[in-house]
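Here is how the chains run, residue by residue.
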Amino acid sequence: MNKPAPGGEADAPAALHQRIRTDIEAKILSGDLGPGDRIPFEHELTAQYGCSRMTVSKAISALAEAGLIERRRRAGSFVARPRLHSAVLDIPDLRAEIEGRRQAYRFELIASVQRAAQGADEAELAGGRTLLALRGVHFADTQPFSLEDRLISLRAAPEAARIDFAAISPGAWLLEHIPWTEAENRISALAADAEAARLLAVPPRTACLAVDRRTWRAGVGVTRVRQLFPGESYDLVARFGPSRG
């Protein structure tokens, strides 16, 4: 049986409800709990964690808001079934895509710095903590494939501060270690500025595809990234059909 840390629940109630949420979330994302499975009743969780009903309810509410579970009156809470619609664009693994083209993949880290949030959007991502700002280039064989500017929330992924991103790309590491539960993609076209053009080895003002992405984990922001692709090197393909009620 799990027990609260010395001093009891009153010492760190926020940490305890976060721990309950994270424990259940991990079982859902790993497949230990599948769609339609019932999670323990609230009174069972209060006994398991030695905490109040309010603390458990807060954790369950966060899971429901993230779309991971659904609450049924008088029946309990159940792992949500996949929705009939899905994002048109998934989160790509650029290494897998490049190697799938039978090209050699390499990621070159240009800059890595921890810094405070700048502006309201970054402050929301940071959640009172610092951000890890990364810039790097993905290569296909010897040619630059994509310029990446990424912010990682050290609230959501504190271990990222200790990772050598010269050895593994940030996106690949996040996909493996920090499962996301919600993502947003925004696609636009823009002309490469002088610095971006230099790093991508293209003339200034070259037409590029910009993919801006945000991800969340159980309602907590994980990362914001912009990947810039020379227009002739990358395309996005989505296949979808009518949803069925």
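Here the structure is a predicted model, which is why all the values come from computation and not from measurement.

**Student:** What's the story with the pattern of salt bridges in this structure? I'm lost.
**Tutor:** For side chains of opposite charge, pairing can occur when their charged atoms come near one another. One pass over the structure, following the stated rule, counts 13 salt bridges. Glu42 serves as the salt-bridge partner of Arg53, at 2.9 Å between the closest nitrogen and oxygen. Here Arg53 is found in helix α3 (residues 53-65), whereas its partner Glu42 is found in helix α2 (residues 42-49), with eleven residues between them in sequence. With relative accessibility at 18%, the residue Glu42 sits in the buried group. Here the salt bridges share partners, and the residues they tie into one network are Glu42, Arg53 and Arg71.

**Student:** Is there a simple way to explain the pairing of strand β4 (residues 131-140) in this structure?
**Tutor:** Put simply, side chains in a regular strand alternate between the two faces of the sheet. With nine of ten residues buried, β4 lies mostly within the body of the structure. As defined by bridge partners, strand β3 (residues 105-115) adjoins β4 across ten bridges and the pair is classed as antiparallel. When the sheet's bridge partners are listed, Tyr105 is paired in β4 with Ala140.

**Student:** I tried to follow α2 on my own but got confused; where do I start?
**Tutor:** Along an α-helix, a turn takes 3.6 residues, which lines up residues three or four apart on a common side. Taken residue by residue, α2 has Glu42, Leu45, Thr46 and Tyr49 as its buried positions. For α2, the buried positions fall inside an angular range of 105° around the axis, keeping them on one side. Backbone geometry just after α2 places Gly50 at a positive phi near 65°.

**Student:** I tried to follow the packing of aromatic side chains on my own but got confused; where do I start?
**Tutor:** Aromatic ring pairs are described here by two measures, namely the spacing of the ring centres and the angle between the planes. If you walk through the whole model with that rule in mind, you get two aromatic pairs. Where Phe145 meets Phe229, the ring centres are 5.7 Å apart and the plane angle is 85°; that geometry is what we call edge-to-face. Residue Phe145 is located in strand β5 (residues 143-153), and its partner Phe229 is located in strand β8 (residues 220-230); the two are separated by 84 residues in the primary sequence. Each member of the pair Phe145 and Phe229 is classed as buried. Relative to Trp173, the ring of Phe165 has its centre 5.9 Å away and its plane inclined at 85°; by these criteria the two rings are edge-to-face. In this structure Phe165 comes out as buried when scored by relative accessible area, which is 2%. Exposure remark for Trp173: the relative accessible area of 5% places this residue in the buried category. Here Arg38 stacks its cationic end above the ring of Phe41, 4.0 Å away from the centre of that ring. Seen from the ring of Phe78, Arg72 lies directly overhead, with NZ or CZ sitting 4.0 Å from the centre.

**Student:** Please explain unusual backbone geometry as it appears in this structure.
**Tutor:** Peptide bonds are, in most cases, trans, and in most cases residues other than glycine have a negative phi. A positive phi angle, near 60°, is found at Ala201, a position not held by glycine. Within the element layout of this structure, Ala201 appears in the loop between α7 (194-200) and β7 (207-217).

**Student:** How should I be thinking about the nonpolar core in this particular structure?
**Tutor:** Across soluble globular proteins, nonpolar side chains have a tendency to be buried as a group. Judged by nonpolar contacts, the single largest core of 18 residues is most densely connected at Ile20, Ile24, Ile28, Ile39, Ile60 and Ile69. Among the secondary structure elements, those contributing two or more residues to this core are α1 (13-30), α2 and α3. Ignoring anything within four residues of it in the chain, the contact list for Ile39 reads Ile24, Leu33, Ile60, Ile69, Ser77 and Val79. Counting 13 residues, the second largest nonpolar core, distinct from the first, contains Leu132, Leu134, Ala157 and Leu174.

**Student:** Would you take a moment to explain the environment of Trp173 for this structure?
**Tutor:** Along the polypeptide, Trp173 turns up in helix α6 (residues 170-177). For the pair Trp173 and Ala160, spaced 13 residues apart in sequence, the C-alpha to C-alpha distance is 8.7 Å. Trp173 has contacts with Ala157, Glu159, Ala160, Ile163, Phe165, Ile168 and Ile178, leaving out every residue within four places of it along the chain.

**Student:** When you look at the sheet that holds β4 in this model, what are you seeing that I'm missing?
**Tutor:** Paired through their backbone hydrogen bonds, the strands of a sheet run either parallel or antiparallel. With respect to topology, six strands assemble into an open sheet ordered β3-β4-β5-β8-β7-β6, the strand pairing being antiparallel. Strands with a single pairing partner mark the edges of an open sheet, and in this sheet they are β3 and β6 (182-191). For this sheet, the mean inter-axis angle between neighbouring strands, taken without regard to orientation, is 15°. Two elements, β5 and β8, share six bridges in a ladder whose sense is antiparallel. Looking at β8, one finds that Glu148 is bridged to Gln227. Set on the sheet, α6 makes contact with β3, β4, β5 and β8; between it and β5 the angle comes to about 50°.

Each value, and the rule that gives it
- Residues numbered from 1 in each chain as written.
- Predicted model: local features only at pLDDT ≥ 70, side-chain atom pairs only at ≥ 80, totals over all residues.
- Heavy atoms only, no water.
- Salt bridge = Lys/Arg side-chain N within 4 Å of Asp/Glu carboxyl O.
- Helix = DSSP H or I, 4+ residues; strand = E, 2+ residues; numbered from the N terminus.
- Buried < 20%, exposed > 50% of the residue type's maximum accessible area, 1.4 Å probe, protein only.
- Pairing = 2+ DSSP bridges.
- Arc of directions from axis to C-beta.
- Phe/Tyr/Trp six-rings, centres within 6.5 Å; stacked < 30°, edge-to-face > 60°.
- Lys NZ or Arg CZ within 6 Å of the ring centre and 35° of its normal.
- Core = buried A, V, L, I, M, F, W, Y, C linked by side-chain atoms within 4.5 Å.
- Contact = heavy atoms within 4.5 Å.
- Axes fitted to C-alpha atoms, helices over the stretch in contact; angles between N-to-C directions.

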